[in-house]
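Below are the chains, spelled out letter by letter.
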Amino acid sequence: MSELFPNQYWGMEIWKHKELPILESHDFNFFRCIEFKESFYGKMLSELHSDNLRVSRVDNRYSNLFPGQKLSYWADSPQTARAEVKRWGAKNNLLTFWAYDDGSSFIPTVYPADYLRIIDGIHFGFDGILKKVENHEKLSEEDRNFVDRIALEEPDCLAYKSEARKGGICFLFFEHGFKKLSLREVSLRLGDYPGKNCAAVHCAVTSDFTPVIESYGYYFLPKARKKYNEEYKKTDEYILRKQVKEYSSMKIREAMK
């Protein structure tokens, strides 16, 4: 299949389920924008990213598609992500997360390095059921059975049209799908303050998503300054990512012999 999503690298293969609106593919970029709060100062990027996965409110879009899951909302571009957060009344102090599917990395840091399984709520007629879910309408037995069949495939996320930006696409990640995401960059823009109040931390580099796992230990200070917390290297997250990174590097070296 040809490309269906603007946030995917060109030329990637996309596999379609024979009967269900489920795709499997790789090499995506995802963006999430949230309003920056004073309480975020001093919190490592690792913690800020983990907080992107949360128990959903009843009024969150499609939150009741698969009950009983933590969810995380992402977008296809920084523009769509900003439009989405502005739609909910955010001011100009914004924190933007740029993530990618870790299985696409030249050196994965999450094991196993699986591709993403995406429910396509845009191209294959599933949007009719999504509209019922969004409006909290009772699904017919046929619709419910169809949704249950999709759930059994253990999809990672749902793609749907943004209502905040024309042409934009949003991605609702379920908990196990969220764990497949790794950070590429986290940027802070304090737009309500005068002067230069921007900062960014790179957690992966190059088009191959080469990871810089130490960067998850950075945190922000007032005036958009950033500082490093060496304690991050003692966390379970860092230790586990480092183990997978070393394993991935070993496999690459063996393949090159």
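Coordinates for the structure precede this section.
Residues numbered from 1 in each chain as written. Predicted model: local features only at pLDDT ≥ 70, side-chain atom pairs only at ≥ 80, totals over all residues. Heavy atoms only, no water.

## Concerning the nonpolar core
Thought 1: Within the largest apolar cluster, 40 residues are counted, with the highest numbers of intra-cluster contacts made by Trp74, Leu95, Phe171, Phe173 and Phe220.
Thought 2: Only strand 3 (29–35), helix 1 (45–50), strand 6 (93–101), strand 7 (116–120), strand 8 (157–161), strand 9 (169–174), strand 10 (181–190) and strand 11 (198–202) provide two or more residues apiece to this core.
Thought 3: Here this core gets five residues from one element, more than from any other, and that element is strand 10. (Core = buried A, V, L, I, M, F, W, Y, C linked by side-chain atoms within 4.5 Å. Buried < 20%, exposed > 50% of the residue type's maximum accessible area, 1.4 Å probe, protein only. Helix = DSSP H or I, 4+ residues; strand = E, 2+ residues; numbered from the N terminus.)

## Examining a nonpolar patch on the surface
Thought 1: Taken together, the side chains of Tyr111, Tyr247 and Met250 present a nonpolar region at the surface, about 320 Å² in accessible area.
Thought 2: Judged by relative accessible area, Tyr111 falls into the exposed class, the value being 59%. (Patch = residues over 30% accessible without salt bridge, like charges linked within 9 Å, V, L, I, M, F, W, Y side chains within 5 Å. Areas by Shrake-Rupley, 256 points an atom, 1.4 Å probe, with all protein chains shown as cover. Salt bridge = Lys/Arg side-chain N within 4 Å of Asp/Glu carboxyl O.)

## Section: the layout of surface pockets
Thought 1: Estimated volume of the largest pocket: approximately 810 Å³.
Thought 2: Every element with two or more residues in the lining of the largest pocket is listed here: strand 3, strand 4 (54–55), strand 5 (70–75) and helix 2 (78–87).
Thought 3: Among the residues forming the lining of the largest pocket, the class breakdown is 16 nonpolar, four polar and nine charged.
Thought 4: Put simply, the second largest pocket is a space of about 370 Å³.
Thought 5: When residues of the lining of the second largest pocket are assigned to their parent elements, the largest contribution, four residues, is made by helix 6 (residues 236–256).
Thought 6: Along the lines of polarity and charge, the residues of the lining of the second largest pocket split into seven nonpolar, three polar and five charged. (1 Å grid on protein atoms, 1.4 Å probe; cavity = no way out; pocket = protein on both sides within 12 Å on 5 of 7 lines; lining within 4 Å. Points joined across faces, edges and corners; volume = space filled by probe spheres on them. Nonpolar A, V, L, I, M, F, W, Y, C, P; charged D, E, K, R; others polar.)

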